[in-house]
Amino acid sequence: MSKMMRAAAIDEFGPADVLRVRELPRPTISADEVLVQVMNAGVQVTDAAIRAGWAPPGATIEFPQILGNEFSGIIDQVGDEVRGFSPGDPVAGFNLLGCYAEYVAVPQAQIVAKPQAVSWQAAGALSASGQTAHTAFEDLAVGAGDVVLVHGAAGGVGTIFTQLAVRTGASVIGTASEANHGYLESLGATAVTYGPGQTDRIRDISPRVDVAFDAAGHENLRTAVELVADRGRIATIVDMPLAQELGCRIVRSRRSGRRLADLMGLLARGDLHVHVRDRYLLDQVADAHRDVESGHGRGKVVLDVRPAQ
Ligand SMILES: NC(=O)c1ccc[n+]([C@@H]2O[C@H](COP(=O)([O-])OP(=O)(O)OC[C@H]3O[C@@H](n4cnc5c(N)ncnc54)[C@H](OP(=O)(O)O)[C@@H]3O)[C@@H](O)[C@H]2O)c1
């Protein structure tokens, strides 16, 4: 008889209430996989989209479907072909689905070691937003001396992108609601309120803008094309149709163990921070989804799958 675990899953697509915590069988592992006892799982806007009916490329949704695509935890078992990891090792990683659970099975290629200096919450909330920001940063070839505009700079992805740009020597202008201006300044960016008149407010700070990254949507690409001459240096992760219309870049996260290890190294050295704005117990998963679906707020939302840490 299979061992059981607690997990947050859906039996149908719909609003946050369709997420329920129940007992499900623990996953079994194949030779190249590890079984991880999950400490924390990050909660994504993307998870909410899947819950509502969007199918992520490469994933098959099967009810009951456990959601969640990033985690931190402790290795419980390793497959026969796994090298370099052992039971008891602290790790962080990613999967398309299945991370809102006490146990997740993933290929070895999708985990990295979690250094002691990095908290379980930060490690569990690093992969999704971090790897998306890292991919965009790479595609836009941000360098020292660039003036970079970040739409939605205080959000999960914007927070990481802003820090990567600042530490490379770029000047960052980030848009956010006024409640997040102090937060953006603490990341080293100049904060601007989004909405009508934002193009002029940004020009007042810097008449020259070299790069724009849109992590917000809301037609912010139209502001970007007014300010940045080279459309190859304007990218969105949100508004794909408008990017096509305007000839801007579309970025889709290219996740890898190498990319996650790079980010984890920055975190361990104190060169990058994951801001956790709210933590929820696994039983409060529907509230966590409502939180990320608000479209506002700084940094990340995290589930404490294994509480009392
Ligand atoms: N393509 C990919 O591979 C990929 C991967 C991950 C995520 N995404 C998408 O990227 C988007 C951002 O994800 P996230 O996790 O960073 O979301 P998030 O944490 O909710 O952040 C969104 C930010 O947008 C800001 N915002 C809200 N309305 C705005 C407006 N009218 N103009 C400018 N900014 C506005 C908010 O700032 P305030 O709080 O200050 O209002 C908030 O901080 C989501 O749509 C997500 O689905 C795409």
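Shown above is the structure to which this text applies.
Basis of the calculations
Residues numbered from 1 in each chain as written. Predicted model: local features only at pLDDT ≥ 70, side-chain atom pairs only at ≥ 80, totals over all residues. Heavy atoms only, no water. Pairing = 2+ DSSP bridges. Helix = DSSP H or I, 4+ residues; strand = E, 2+ residues; numbered from the N terminus. Near = heavy atom within 4 Å. Polar contact = N/O pair within 3.5 Å; in protein donor to acceptor, adjacent residues only side chain to side chain. Areas by Shrake-Rupley, 256 points an atom, 1.4 Å probe, with all protein chains shown as cover. Nonpolar A, V, L, I, M, F, W, Y, C, P; charged D, E, K, R; others polar. Domains from an automatic or database assignment. Expected span 1.5 Å × (residues − 1). Buried < 20%, exposed > 50% of the residue type's maximum accessible area, 1.4 Å probe, protein only. Core = buried A, V, L, I, M, F, W, Y, C linked by side-chain atoms within 4.5 Å. Contact = heavy atoms within 4.5 Å.

Engineer: Whenever I open this one, the sheet that holds strand β2 (residues 20–25) confuses me. Can you help?
Structural biologist: Across the sheet, three strands lie side by side as β2-β1-β4; this open sheet has antiparallel pairing. If you trace the sheet from one side to the other, it starts and ends with β2 and β4 (65–66), each paired once. One ladder, built from six bridges, connects strand β1 (residues 4–10) with β2; its direction is antiparallel. Among the inter-strand pairings, Arg6 is bridged to a residue of β2, identified as Glu23.

Engineer: Even after reading the chapter, I still don't get the site of the ligand, so can you show me in this structure?
Structural biologist: Around the ligand, a shell composed of 25 residues is seen, among which Val157, Ser177, Tyr194, His296 and Gly297 lie nearest. Tyr194 places a polar side-chain atom, nitrogen or oxygen, 2.5 Å from an oxygen atom of the ligand. A distance of 3.1 Å separates a nitrogen atom of the ligand from a polar atom in the backbone of Ile237. In isolation the ligand has 930 Å² of accessible area, and contact with the protein removes 85% of it. The set of elements that each furnish at least two residues to the shell around the ligand consists of α4 (156–167) and β10 (171–176). Of the residues assigned to the shell around the ligand, the class counts are eleven nonpolar, 13 polar and one charged. Counting contributing residues, the shell around the ligand receives three or more from each of domain 1 (4–126 + 274–304) and domain 2 (129–250).

Engineer: Is there a simple way to think about α4 in this case?
Structural biologist: The α-helix winds at 3.6 residues per turn, so residues separated by three or four positions along the chain end up facing the same way. Given a rise of 1.5 Å per residue, twelve residues ought to cover 16 Å, and the 18 Å separating the end C-alpha atoms of α4 matches this to within 8%. Among the twelve residues that make up α4, ten are buried, leaving the element largely enclosed by the rest of the structure. Within α4 the residues assigned to the buried category are Gly156, Val157, Gly158, Thr159, Ile160, Phe161, Thr162, Gln163, Leu164 and Ala165. Looking one or two residues past α4, Gly169 carries a phi angle of roughly 100 degrees, positive in sign.

Engineer: Sorry if this is basic, but what is going on with the pairing of strand β5 (residues 70–78) here?
Structural biologist: It is a general feature of regular strands that their side chains alternate between the two faces of the sheet. In this structure, strand β3 (residues 33–43) lies alongside β5, joined through seven bridges in antiparallel fashion. Each bridged residue has a counterpart across the sheet, and for Leu35 the counterpart in β5 is Gln77. Relative to strand β6 (residues 90–94), β5 is paired through five bridges, and the arrangement is antiparallel. The residue of β6 that forms the bridge with Gly73 is Val91.

Engineer: Teacher, can you tell me more about the nonpolar core here?
Structural biologist: Nonpolar side chains in soluble globular proteins tend to end up buried together. If you look at the biggest cluster of nonpolar residues, it comprises 43 residues, and the most contacted ones within it are Val142 and Phe161. No fewer than three residues from each of domain 1 (4–126 + 274–304) and domain 2 (129–250) sit in this core. Excluding anything up to four places from it in sequence, Phe161 contacts Ala133, Ala136, Phe137, Leu140, Val142, Val148, Val150 and Phe213. Core analysis: the next-biggest nonpolar cluster, separate from the first, contains 41 residues, Met5, Ala7, Val82 and Ala288 among them.

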